[in-house]
Amino acid sequence: MITRQRLAVGLCALLAALTAGFAFPAGAVADETTADAPKVDLVLDVSGSMRARDIDGESRMAAAKQAFNEVLDATPEEVRLGIRTLGANYPGDDRKTGCKDTAQLYPVGPLDRTEAKTAVATLSPTGWTPIGPALLKAADDLDGGTGSHRIVLITDGEDTCAPLDPCEVAREIAAKGVGLTIDTLGLVPNSKLSKQLSCIAEATGGTYTSVEHKEDLTDKVNQLVDRAADKVVTPVAVDGAADCAKAPTLKSGLFTDRAEFAQHRWYRVDVKPGQELRASVSLSADRQVNPDYGVLLRAVTVHNREIVRGEAAGTGRTDVVSTGLRYPKAESDDEDATAETVCLQVSHSFSPAAGVKTTPGLPLELTVDVVDGPDQAGDVASFGLGRGWWLLGALVLTGFLAGLLWGWLSRWRFAVWRTN
């Protein structure tokens, strides 16, 4: 009898476990909690030059290890962190082999701090500096998930594996539209290194920092890891039209598009009386372009009358150009007043260098925000001049008075001359 009771209890428990398994698949809970987790891949240069003892009396490698240990202790629980090395394993002189020397030291995932620290402790400065190949592999390390993806590159020297230019690699990563940011930290105040690391960072919207002290290195890496945990607004892909009549109507939000060379992109936004439209656009040169370029953002009516514009120009020193505009629409006494349709036009003057592909277009990021307008919307833009009407009126009046005064003085001097 007791045996039968135990058997019945066991069968009930088994059925309950199977039911729970079918109702809640093992991967479902994990997927829900980790799919949107932020991911960071720390890419550390372990080439032979990291032996140099010029960071607070210690070697660059020792400073990097200390910084990593402190960063691992401070990493937020929700961040999925990994570590990749470059130049850590091959000590020889064969360039082809040395340029493949990149390895995943600790996989991107939930952090076991003890295991990660143990892996870092085994590192010893060894070989080459294959930055380009390491960035490509790091991008693969972060593949998957909807959370923010960030690569933090720490190096003391330029890439030694050209023609795989790491700057071009960063542009290729950005062109894939995966929302991956690369931040770079240089351990040597070298102009060539600074130029290369700045180019890598700017191609993906990241930052470059020159670091010469242990505390600065720790603080900066911690800052970048914490930044990955910040809430990320995912841009919405949108297709702008060739004219306003066919343009998509946008609400407040962040949007991405592609703007081809010599092409205008149009979008529509509805603005009610008493509201203010705030719009900004950033255009990235994800490939080699000629110097001297600009971006223009115009707000016009459906009848093509310009309301206000924003514009910016560059000279080849940056890969991103941004501009913005504001349009506060005045309150209306008419209770039946309807929203005004404002047409936003984006155009740019980038031109491709010889032999560079022109498609797809350059990455475009458009921010639209429609908010309650100021209490006194007296600065509502009109006829493309906004408050410039006051300046124009003042200039006209000043010119008129100056003309009268000059004429009076001229006649007075002429009269005195004739008298004498």
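In what follows, the accompanying structure is described. (Residues numbered from 1 in each chain as written. Predicted model: local features only at pLDDT ≥ 70, side-chain atom pairs only at ≥ 80, totals over all residues. Heavy atoms only, no water.)

Across the 7 residues that make up strand S4 (residues 149-155), a large majority, 7, are buried. The side-chain alternation of S4 yields two buried faces, one formed by His149, Ile151, Leu153 and Thr155 and the other by Arg150, Val152 and Ile154. Bridge analysis of strand S1 (residues 39-45) against S4 gives 6 bridges, and the strand direction is parallel. The residue of S4 that forms the bridge with leucine 42 is valine 152. The pairing of S4 with strand S5 (residues 180-186) spans 7 bridges and is classified as parallel. Looking at the pairing, arginine 150 lines up with threonine 181 of S5. (Buried < 20%, exposed > 50% of the residue type's maximum accessible area, 1.4 Å probe, protein only. Helix = DSSP H or I, 4+ residues; strand = E, 2+ residues; numbered from the N terminus. Pairing = 2+ DSSP bridges.)

Attention shifts here to a negative patch on the surface. Taken together, the side chains of Asp56, Glu70, Glu212, Glu215, Asp216 and Asp219 define an acidic patch exposed on the protein surface. Tallying contributions element by element places helix H9 (residues 214-228) first for the negative patch, with 3 residues. Inspection of the secondary structure puts glutamate 212 in the loop between strand S6 (208-210) and H9. The exposure class of glutamate 212 is partly exposed, given its relative accessible area of 42%. (Patch = residues over 30% accessible without salt bridge, like charges linked within 9 Å, V, L, I, M, F, W, Y side chains within 5 Å. Areas by Shrake-Rupley, 256 points an atom, 1.4 Å probe, with all protein chains shown as cover. Salt bridge = Lys/Arg side-chain N within 4 Å of Asp/Glu carboxyl O. Lys, Arg positive; Asp, Glu negative; His and termini not counted. Charge placed at Lys NZ, Arg CZ, Asp CG, Glu CD.)

Let's shift gears to the packing of aromatic side chains. Tallying each qualifying case throughout the model produces 1 aromatic pair. When the ring of tyrosine 293 is compared with that of phenylalanine 350, the centres are 4.3 Å apart and the planes differ by 20°; the resulting orientation is stacked. A residue pair is termed long-range when its members are at least 10 positions apart, and tyrosine 293 in strand S11 (residues 293-300) and phenylalanine 350 in the loop between strand S14 (340-348) and strand S15 (362-372) qualify at 57 residues. Of the two residues examined, tyrosine 293 and phenylalanine 350, each falls in the buried class. (Phe/Tyr/Trp six-rings, centres within 6.5 Å; stacked < 30°, edge-to-face > 60°.)

A few words now on the state of the cysteines. Counting across every chain of the model gives 3 disulfides. The disulfide partner of cysteine 167 is cysteine 199, and the gap between their sulfur atoms is 1.6 Å. The sign of the -45° torsion about the S-S bond sets the cysteine 167-cysteine 199 disulfide as left-handed. Pair noted here: cysteine 167 is in helix H7 (residues 166-175) and cysteine 199 is in helix H8 (residues 191-203), with a separation of 32 residues, a long-range link. Across this residue pair, the class does not change: cysteine 167 and cysteine 199 are buried. Note that cysteine 244 is cross-linked by a disulfide to cysteine 343, the S-S spacing being 1.8 Å. Linking cysteine 244 and cysteine 343, the disulfide has an S-S dihedral of approximately -55° and is accordingly described as left-handed. With cysteine 244 in the loop between strand S7 (236-237) and strand S8 (253-259) and cysteine 343 in strand S14, this pair connects stretches of sequence that are 99 residues apart. By relative accessible area, which is 11% here, cysteine 244 ends up buried. Judged by its relative accessible area of 0%, cysteine 343 is buried. Each disulfide in the protein chain links cysteines that, numbered along the sequence, combine into the pattern 1-2, 3-4, 5-6. (Disulfide = S-S within 2.5 Å.)

Taken by themselves, the reported measurements are silent on function.
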